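Structural features, examined
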Amino acid sequence: MTDAQDREAGDHGDTSAEEHSTRGAYVTGGEEFTRDTNYIEDRIVADPDSVQKLPPPPPSKVGSLGYGLSAGARAWPVEPGRYRLVAAAACPWANRTLIVRRLLGLEGVISLGRPGPTHDARSWTFDLEGSPANLGDRDPVLGTERLQENYFKRFPDYPRGITVPAIVDIPSGEVVTNDYPQITLDFSTQWCDHHREGAPDLLPEGELEEMWPVIERVFTEVNNGVYRCGFAGSQNAYDAAYTRLWDALDWLEDRLSTRRFLCGGTITEADVRLFTTLVRFDPVYHGHFKTNRNRLCEMDHLWGYARELFQTPGFGDTVDFAQIKRHYYVTHEDINPTRIVPLGPDLSNWLEPHDRERLGGAPFGDGTPPGPVPEDERIEAGHNPLW
């Protein structure tokens, strides 16, 4: 089906489950899963003219610091209230942006659109399951039913997946960027004038040299590693992916035996990126993606580390376990054709004491925790053991 036909079907309300099934979208028989990391690389920056004069960034799957624009990319100006972050609570890549936006106190300057947890081949939908504000199954600010409308408005023949997180320019309704690794870096470096008082430094200058290889390994072997297991198209591909993943998790278990956080005594961008995979590990990846050597809660140091982050304001209060489970088990028809969602596991253990204070340091360094979650962004009761 062409993009034009796809849009026409959506406009006429054709919701045929068979026609728009996701079967075949995730697993390719006989092959290793390879993630498409080509994104819309436009950036929202404090000084577009200065950024345009900087050298282009080297190829990277984790974003870059200190560089300008990729070839063909556009610099958009930082403007409070102009942009809407579209971020499904179910998605680990979107969850990063929710955490960093909250830690830095950007809720008042970058609004939030919440699609629901499930979708068909036509992309994420702004249904009531995503947010009670999505009246009429449309985003209340953008007015769109599906995120693909905002992509197609700017790129009528957009050839790739309609992904979250995405940032949309509210006045035009056009997508600006879906380059999730760069979005959180730019929240830290380009929106500084709008950070809350006491916002943590997630990219401390003295730790970047150590941090960058950690971020790269966490992405290739853990963030993407669980997907490499789950979407493997052959036994050999799965076996190799499983080995790579557990080699990396054992490395992290050892690293966190002497460090409170990945790069020392305070929370950094690296911790945000690891957390969104760890928090989904036992509820989803262990069974659904077959990453089942053991559960996260059976790893002393990783489990204590994950619990501390979950109990830290800005982390656990962005997590919607009900939507996470529905997204993976319902959407991935390739590996769960029945679309049955498991009732377990018990999540109350996320609130058990973690005893990570013994390693020293302070989560926010010289900064302070963020305040309460805005009422209209609070996770639904029962979807999270925090409330």
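Here, the structure is the one placed above.
Residues numbered from 1 in each chain as written. Predicted model: local features only at pLDDT ≥ 70, side-chain atom pairs only at ≥ 80, totals over all residues. Heavy atoms only, no water.

1. What to know about the overall build of the chain
- Looking only at helices and strands, the chain features 11 helices and six strands.
- Over its C-alpha trace the chain gives a radius of gyration of 20 Å, about what one expects of a compact globule, namely 21 Å for 387 residues.
- With the principal axes as the frame, the chain shows a C-alpha extent of 60 × 50 × 40 Å.
- Taking contacts inside the chain between residues at least 6 apart in sequence as the whole, the part at least 24 apart equals 73%. (Helix = DSSP H or I, 4+ residues; strand = E, 2+ residues; numbered from the N terminus. Rg over C-alpha atoms; globule rule 2.2 N^0.38 Å. Contact = heavy atoms within 4.5 Å.)

2. Some points on the pairing of strand 3 (residues 83–86)
- Of the two faces of strand 3, the one lined by Tyr83 and Leu85 and the one lined by Arg84 and Val86 are each fully buried.
- As paired elements, strand 3 and strand 5 (residues 166–169) share four bridges and run antiparallel to each other. Considered in strand 5, the bridge of Arg84 is made with Val168.
- In terms of strand pairing, strand 3 meets strand 4 (residues 111–113) through three bridges, oriented parallel. Counted as the bridge partner of Leu85 is Leu112 from strand 4.
- What joins strand 3 to strand 4 is helix 3 (residues 92–104), and the crossover it makes is right-handed. (Buried < 20%, exposed > 50% of the residue type's maximum accessible area, 1.4 Å probe, protein only. Pairing = 2+ DSSP bridges. Right-handed = clockwise from strand over helix to strand, strands pointing away.)

3. Details of unusual backbone geometry
- The linkage connecting Val164 with the following residue, Pro165, adopts the cis geometry, with an omega of 0 degrees.
- Within the secondary structure, Pro165 is located in the loop between helix 4 (148–154) and strand 5.
- A positive phi angle, near 55 degrees, is found at Asp137, a position not held by glycine.
- Positionally, Asp137 belongs in the loop between strand 4 and helix 4.
- The partly exposed category is assigned to Asp137, whose relative accessible area is 36%.
- Of note, the phi angle at Lys290 is positive, near 65 degrees, even though the residue is not glycine.
- Structurally, the position occupied by Lys290 is in the loop between helix 9 (269–288) and helix 10 (300–311).

4. Regarding the pattern of salt bridges
- Taken as a whole, this structure holds 21 salt bridges when the rule is applied.
- Of the charged contacts in the structure, one is a salt bridge between Arg244 and Glu221, with a shortest N-O distance of 2.6 Å. Within this pair, whereas Arg244 is found in helix 8 (residues 235–255), its partner Glu221 is found in helix 6 (residues 208–223), the two being separated by 23 residues in sequence.
- According to the relative accessible area criterion, Arg244 is partly exposed, its value standing at 32%.
- We classify Glu221 as buried; its relative accessible area is 15%.
- Linked by salt bridges that have partners in common, Glu79, Arg82 and Asp169 make up one network. (Salt bridge = Lys/Arg side-chain N within 4 Å of Asp/Glu carboxyl O.)

5. Focus on the sheet that holds strand 4
- Spatial ordering of the open sheet is given by 4-3-5-6, a layout of four strands whose pairing is mixed. Strands with a single pairing partner mark the edges of an open sheet, and in this sheet they are strand 4 and strand 6 (174–177). On average, each strand axis in the sheet is tilted by 40 degrees relative to the strand beside it, whichever way the strands run. (Axes fitted to C-alpha atoms, helices over the stretch in contact; angles between N-to-C directions.)

6. So, the environment of Glu308
- Examined against the element boundaries, Glu308 turns out to sit in helix 10.
- On the accessibility criterion, Glu308 (3% relative accessible area) is buried.
- Counting along the chain gives 55 residues from Glu308 to Pro363, while the straight-line C-alpha distance between them is 9.3 Å.
- Discounting chain neighbours no more than four positions away, the residues touching Glu308 are Arg260, Phe261, His354, Arg356 and Pro363.

7. Some details on the nonpolar core
- Leu147, Leu262 and Leu302 are the most contacted members of the largest nonpolar core, which has 100 residues in total.
- Counting residues per element, this core draws most heavily on helix 9, which supplies nine residues.
- Each residue touching Leu147, except ones within four places of it in the same chain, is listed here: Val86, Ser123, Trp124, Phe126, Ile162, Thr163, Val164, Ala166 and Val168.
- With five residues, the next largest nonpolar core counts Val45, Val51, Leu69 and Ala75 among its residues. (Core = buried A, V, L, I, M, F, W, Y, C linked by side-chain atoms within 4.5 Å.)

The quantities given are spatial measurements derived from coordinates; they are silent on function.
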